Every structure is written in C-alpha cells, then in structure tokens.
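Next come the chains, spelled out residue by residue.
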Amino acid sequence: MRKIILILTIFIGVTACKTNPFTGKKILNFYGNQQIFPTAFAQYDQFLSENAVVKNTAEARMITKVGQRISKAAERWLSANGYQGYLKDYKWEYNLVQDETVNAWCMPGGKIVFYTGILPITQTETGVAVVMGHEVAHALADHGAQRMSAGTLQQLGAVAGNVAIKDPKKRNMFNQAYGVGSSLGVMLPFSRSHETEADRIGLQIMAIAGYNPDEAAQLWKRMKAKSGGQAPPEFMSTHPSNDTRIANLTAWAPSARKEAAKFGVTRFE
C-alpha cells in the first residue's frame, strides 16, 4: 500500500503542473479537459432540465449578451498572448434560472448559470458583467479541476496517515486533527485564492469587453449591504470577505483599464 501511495505521489508531482495563462504560474491540475468537460456538460443539462430556466425575456437576453462579450474578450486576450486554441474544447452557454438565491456559477468548460436573485444586486448590464467576468475566469483558470486535484491530494494524505499509524487511538486523533488542519490550513485558503484570482482575471476581461471595471467594487459594496455585514471570519470561509474584495477591486481597476487600452478599448459602459 505504501508503495502504491509513493508511486501515486510521484506521478502527481510529475504530471500535475499546468500553467495559468493569465498569471504565468504553475497550477495543480492533473485532470484534462476530456476527463472533466463531458461530465460537466451532462450535469449542466440535467440541472437545466430540473430547474426553471428563464427564456426570451430582456433579462435572459442580457445574460447571454454579456456572456458572449466577456468570453469573446477572453479569447482576444488569449490569442494576443500566444494561447490560440486554448478555448477549443469550451462550449459556452449562459442561462438565467428563476431562483431567489443571490448567486451565479460556472461549470468547467464554460457552462454558466445566473439566478434571478442576484439581479437586484447587479442592477445594470455592467453589474452583470462584473459577475460574468468572475465566473468566466473560474472556467478559464481551470479552478474546478484544481479543486478536484486538491481534494484528491487531501484524500491521499488521509489514506497515508491511516496506513502509517497503527494505534487506533492515535489514528483517531490524527483523523480529527488532519480534517481540521487540512481544511483551515489548506483547502479554505486554496478556495479563497481562486476567488481572488477570478476577481482579478474577471476585472481584466470585463474591461477588455468594454465594461467599466470601477463598477466591480460598487457591486461588492451592494453585496455587503445585502448581507447586512453578517459573514463568517475570512479564515473560515471559502471566499474573501466583502471588505477584502472591495479593496482589491478598487486597487486593480486602473491596471484593468490599461490592459483594455492595449486592445483599443478606452471608453467603458
């Protein structure tokens, strides 16, 4: 068993690294598009079949319009920076679903859902672009595959510990400590880093699409007001705090404008 774990660990170390085109950093990802996308597409179709998809309304058409502009801007950036064909396996789709939950999400491969409950927060097309940019960025950066990869490593660590520790009491103590430690010390920070990365990438591509990046911080101010300031401590959350996001987005907006200017975009909606 130990030999198997060692072999798996070496394999992961050798094969897990891909490069995030937007940051240039190596990322943990040992799942290819062909392994993940078909399953994600099937799950998305099933979700749509089981929920109330809003069709042929001004709001539904706006979600599609913004999604198309954002994904096109992402493709422009990728092609200009030597990543032609990066999106060849993606199948972008944007749907509005009747649900009062204040949320939106994106599955691997570009399958996006907005809930109607987030529209009072977005308020305008540019507000939708803030959220859309963030969700598209998750897909571009392979965050879903990275979470799966990290989860596999977390499970592997637990298996290794249980194999190595023979005493039942010590094994039980290890499992309790490992569960809390790996969550608070690794998995939650990993998730927060993805959210921060998606905020920054999303801000950049929404600006390239012609949407005002200054609106991002304003949206999160509205989100903070909606929550009434009620949120868990940041270190216990999968997401950065509202205040952290507002500060980050405010600081990054000028650089997003400069990036858009490289593509001839100097006026924003």
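Please refer to the structure placed before this passage.
Presented here is an overview of the structure given in this document.

This part takes up the overall build of the protein. A count of helices and strands for the protein gives 9 helices and 6 strands. Within the protein, the proportion of its 269 residues that are buried is 45%. Long-range contacts, defined as pairs at least 24 residues apart, comprise 72% of the intrachain contacts of the protein with a sequence gap of at least 6. With the model as given, the accessible surface of the protein reaches about 13,800 Å², and the carbon-plus-sulfur share is 57%.

When two helices pack together, you describe them by how their axes are tilted relative to each other and by the distance separating the axes. Relative to each other, helix 8 (residues 215-227) and helix 9 (residues 242-261) sit at 170°, their axes nearing to 8 Å. As summarised for this structure, helix 8 and helix 9 are arranged roughly antiparallel, according to the angle between their axes. Of helix 9, the residues touching helix 8 (which contributes Ala-216, Ala-217, Trp-220, Lys-221, Met-223, Lys-224 and Ser-227) are Asn-242, Asp-243, Arg-245, Ile-246, Leu-249 and Thr-250.

Moving on: the nonpolar core. One finds Ile-63, Val-66, Ile-70, Phe-114, Met-132 and Leu-140 to be the most contacted residues of the largest nonpolar core, which totals 57 residues. In this structure, Phe-114 is in contact with Ile-63, Asn-95, Leu-96, Val-97, Asn-103, Ala-104, Val-128, Val-131 and Met-132, ignoring residues within four places of it in sequence. Counting 9 residues, the second largest nonpolar core, distinct from the first, contains Ala-40, Phe-47, Leu-48 and Trp-105.

This part takes up the side chain of Arg-245. Structurally, Arg-245 can be placed in helix 9. A distance of 2.9 Å separates the side chain of Arg-245 from the side chain of Asp-199, its partner in a polar contact. Sequence-distant contacts of Arg-245, defined by excluding residues within four places in its chain, comprise His-134, Glu-195, Asp-199, Trp-220, His-239 and Pro-240.

Let us now look at the pairing of strand 6 (residues 111-115). A regular strand carries its side chains on alternate faces of the sheet. Burial of strand 6 is extensive: 5 of the 5 residues sit out of reach of the surface. By the alternation rule, side chains of strand 6 split into Lys-111, Val-113 and Tyr-115 and Ile-112 and Phe-114, which are all buried. Sheet analysis places strand 4 (residues 93-97) next to strand 6, joined by 5 bridges and oriented parallel. Counterpart to Asn-95 in the pairing with strand 6 is Val-113. With 4 bridges connecting them, strand 5 (residues 104-107) and strand 6 associate as antiparallel partners. When the bridges of strand 6 are listed, Cys-106 appears paired with Ile-112. Linking strand 5 back to strand 6 in an antiparallel pair, the connection comprises 3 residues, with Gly-109 at a positive phi of about 95°.

Cut-offs and rules
Residues numbered from 1 in each chain as written. Predicted model: local features only at pLDDT ≥ 70, side-chain atom pairs only at ≥ 80, totals over all residues. Heavy atoms only, no water. Helix = DSSP H or I, 4+ residues; strand = E, 2+ residues; numbered from the N terminus. Buried < 20%, exposed > 50% of the residue type's maximum accessible area, 1.4 Å probe, protein only. Contact = heavy atoms within 4.5 Å. Areas by Shrake-Rupley, 256 points an atom, 1.4 Å probe, with all protein chains shown as cover. Axes fitted to C-alpha atoms, helices over the stretch in contact; angles between N-to-C directions. Parallel < 35°, antiparallel > 145°, perpendicular 65-115°, else oblique. Core = buried A, V, L, I, M, F, W, Y, C linked by side-chain atoms within 4.5 Å. Polar contact = N/O pair within 3.5 Å; in protein donor to acceptor, adjacent residues only side chain to side chain. Pairing = 2+ DSSP bridges.

Read these as geometric descriptors, not functional statements.
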